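What follows is each chain in one-letter form.
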Amino acid sequence: MANHKSSIKRIRANAAKRLRNRYQAKTTRNAIKKLRETTSKKEASPLLTKVFSMIDRLAKKSVIHKNKAANNKSKLTKYVNGLK
């Protein structure tokens, strides 16, 4: 158990941030899955922009690595461009 007030506060803050990060990461993963399930380009295009912003936000906050974000965006773009 932590002894200093600041370390106790830091533990609380880290727990809150961890929950927020996990929620946002899971929401983004679900959005990616939903995008991959779409079959028409018309439906996928607006979803793609939303997913891109979610991925960028996670990378900016270092929840995911910037290269992982770039790889996800690249693969999703290829997928959407391949739709009819």
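Bear in mind that the values here come from a model prediction, so they are computed numbers and not experimental data.

About the thresholds
- Residues numbered from 1 in each chain as written.
- Predicted model: local features only at pLDDT ≥ 70, side-chain atom pairs only at ≥ 80, totals over all residues.
- Heavy atoms only, no water.
- Helix = DSSP H or I, 4+ residues; strand = E, 2+ residues; numbered from the N terminus.
- Buried < 20%, exposed > 50% of the residue type's maximum accessible area, 1.4 Å probe, protein only.
- Phe/Tyr/Trp six-rings, centres within 6.5 Å; stacked < 30°, edge-to-face > 60°.
- Lys NZ or Arg CZ within 6 Å of the ring centre and 35° of its normal.
- Core = buried A, V, L, I, M, F, W, Y, C linked by side-chain atoms within 4.5 Å.
- Contact = heavy atoms within 4.5 Å.

> What is the right way to look at the environment of Lys 41 in this model?
Counting through the fold element by element, Lys 41 comes out in helix 2 (residues 41-60). Using a relative accessible area of 33% as the deciding quantity, one classes Lys 41 as partly exposed. Between the C-alpha atom of Lys 41 and that of Ser 74, which follows or precedes it by 33 residues, the distance is 16 Å.

> Can you walk me through the packing of aromatic side chains in this structure?
To describe a pair of aromatic rings, one takes the distance between the centres and the angle between the planes. Tallying each qualifying case throughout the model produces zero aromatic pairs. When the ring centre of Tyr 79 is taken as reference, the NZ or CZ atom of Arg 36 above it lies at 5.7 Å. The ring centre of Phe 52 lies 5.3 Å from the NZ or CZ of Lys 73, which sits over that ring.

> I would appreciate a short explanation of the nonpolar core in the present structure.
Soluble globular proteins tend to pack their nonpolar side chains together in the buried interior. Leu 35, Val 51, Ile 55, Ile 64 and Leu 76 are the most contacted members of the largest nonpolar core, which totals 17 residues. Contributions of two or more residues to this core are made by helix 1 (5-37), helix 2 and helix 3 (66-82). Sequence-distant contacts of Leu 76, defined by excluding residues within four places in its chain, comprise Ile 32, Leu 35, Arg 36, Leu 48, Val 51 and Ile 55.

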